[in-house]
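Survey of secondary and tertiary structure
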Amino acid sequence: MTEVPVYEAKTRLSELLARVQQGEELARIRDVTVRLQLERTQTALEVARKKQDSDIDEQIANKNREVAFNEHQRALEANAQIRNVYPPSEMDRLKLVLDRSVLEERRAAYLREIAKLESSLAEVEVQQSQELLLRHRIIAPCSGMVVAVEKRVGEWVEPGEVAIETEGQTRRARLLSN
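For every chain, the first residue of its written sequence is number 1, and the numbers climb from 1 along that sequence. Only residues with pLDDT of 70 or above have their local features reported here, since the model is predicted, and side-chain atom pairs are shown and tallied only from 80 upward, although totals for entire chains, interfaces and linings are computed over all residues. With hydrogens and water excluded, all non-hydrogen atoms of the structure serve as input to the side-chain values.

Glancing now at the layout of surface pockets. For each structure, a 1 Å grid was placed over the protein atoms alone; sets of points admitting a 1.4 Å probe that cannot get out are labelled cavities, open sets with protein on both sides within 12 Å along at least five of seven lines are labelled pockets, and lining residues have an atom within 4 Å of a point. Grid points are joined across faces, edges and corners, and a volume is the space filled by probe spheres set on the points. Its volume calculated, the largest pocket comes out at about 160 Å³. Taken together, K51, S54, D55, I56, D57, E58, A108, L111, R112, I114, A115 and E118 make up the lining of the largest pocket. Listing elements by their share of the lining of the largest pocket, those giving two or more residues are helix 2 (56-81) and helix 3 (88-134). Three classes are used: nonpolar for Ala, Val, Leu, Ile, Met, Phe, Trp, Tyr, Cys and Pro, charged for Asp, Glu, Lys and Arg, and polar for all others, with Gly counted as polar. When the residues that make up the lining of the largest pocket are grouped by side-chain class, the tally is five nonpolar, one polar and six charged. Numbering of helices and strands runs from the N terminus; a helix is a DSSP stretch of H or I covering at least four residues, while a strand is a stretch of E covering at least two.

See below:
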């Protein structure tokens, strides 16, 4: 006899089948919350991937740097031709704008790297949610018939309790809660 554990603690069976094939879902423990969690993590993954794929912030930062560089260069050239066309305070401001635009470019690249990490994290969270959803299923260890049902749909299942017994051509299995 093979024992197949039900992993979730004290909860209700929500579905049950009579004739089963090996590997087929035999019963389901209430999983509404877990399915909603999986849906949430899948949406979070989609958002993270869109952020990862977007280079808009980098393009904007690049354009800002180009404009700031050109303005600063024009001011330097103008001052080289005619002294103090741009006063020192204006030159300092233009240099600050240029430096800030360079930093914004770096920040955009940094945020894109963070978005890649968030995407990887979201993928792991989806996998965790999928695994948790699988723990809400009782899978038939062998093909055959359900020969005893110790717990009915809607009843509470606690860890260690026998919920269902199946019998196949060569195997008999007791499906118990973990």
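With that out of the way, let us pick up the nonpolar core. V20, L26, A27, I138, A140, V146, A163 and I164 form the largest nonpolar core, which has eight residues in total. Every element with two or more residues in this core is listed here: strand 4 (25-29) and strand 8 (162-167). Only buried residues count toward a nonpolar core. Its members are Ala, Val, Leu, Ile, Met, Phe, Trp, Tyr and Cys residues joined through side-chain atoms within 4.5 Å. We call a residue buried when its accessible area falls under 20% of the maximum for its residue type, exposed when it is over 50%, and partly exposed in between, using a 1.4 Å probe and counting protein chains only.

Salt bridges are defined by distance alone: a side-chain nitrogen of Lys or Arg within 4 Å of a carboxyl oxygen of Asp or Glu. Applying the stated rule across the entire model yields nine salt bridges. A salt bridge links R93 to E90; its shortest N-O distance comes to 2.7 Å. Of this pair, R93 and E90 are both found in helix 3, three residues apart, which corresponds to roughly one turn of the helix. According to the relative accessible area criterion, R93 is partly exposed, its value standing at 42%. Between K116 and E113 there is a salt bridge; the shortest N-O distance is 3.3 Å. Of this pair, K116 and E113 both sit in helix 3, three residues apart, roughly one helical turn. A relative accessible area of 44% means that E113 is categorised as partly exposed. A network of salt bridges, in which partner residues are shared, links D31, R35 and R137.

Further remarks concern helix 3. Expected helix span is taken as 1.5 Å per residue step, with the number of steps being one fewer than the number of residues. Here helix 3 spans 68 Å end to end across 47 residues, near enough to the 69 Å set by a 1.5 Å rise per residue. Within the span of helix 3, buried status applies to M91, L94, L98, S101, A108, A115, S119, A122, V126, S129 and L133. Looking at the buried side of helix 3, the elements it contacts are helix 1 (32-53), helix 2 and strand 5 (137-139). Every residue pair with non-hydrogen atoms within 4.5 Å of one another is taken to be in contact.

On the secondary structure map, S101 appears in helix 3. Accessibility expressed as a relative area gives 3% for S101, which makes it buried. Non-local contacts of S101, meaning those with residues more than four positions away in its chain, are made with A61, N64, R65 and A68.

Now for the packing of helix 2 against helix 3. It is the contact of helix 2 with helix 3, at a shortest axis distance of 8 Å, that shows an interaxial angle of 160°. By the criterion of interaxial angle, the relationship of helix 2 to helix 3 is roughly antiparallel. As helix 2 packs across helix 3, the resulting crossing turns out to be left-handed. A fitted line through C-alpha atoms serves as each axis, taken over the contacting stretch for helices, and the angle formed by two N-to-C directions is quoted from 0 to 180°. Oblique is the label for any angle not under 35 degrees, not over 145, and not in the 65 to 115 range, which are roughly parallel, roughly antiparallel and roughly perpendicular in turn. Crossing handedness follows the turn of the near helix against the far one: under a right angle anticlockwise gives a left-handed crossing, and clockwise gives a right-handed one.

As for its placement among the helices and strands, T41 is situated in helix 1. In the analysis that follows, any N or O atom pair within 3.5 Å is treated as a polar contact, provided that within protein one partner can donate a hydrogen and the other can accept it, and provided that, for residues neighboring in sequence, both atoms belong to side chains. A distance of 2.9 Å separates a polar side-chain atom of T41 from the backbone oxygen of L38. For T41, the residues in contact, after removing those within four places along its chain, are E125, V126 and S129.

Moving on: the pairing of strand 8. Within strand 8, five of the six residues are buried, which leaves the element mostly enclosed by the surrounding structure. Here, strands pair whenever DSSP counts at least two bridges between them. Both strand 6 (residues 144-149) and strand 8 contribute to a ladder of four bridges, which runs antiparallel. By the bridge assignment for strand 8, M145 is matched with E167.

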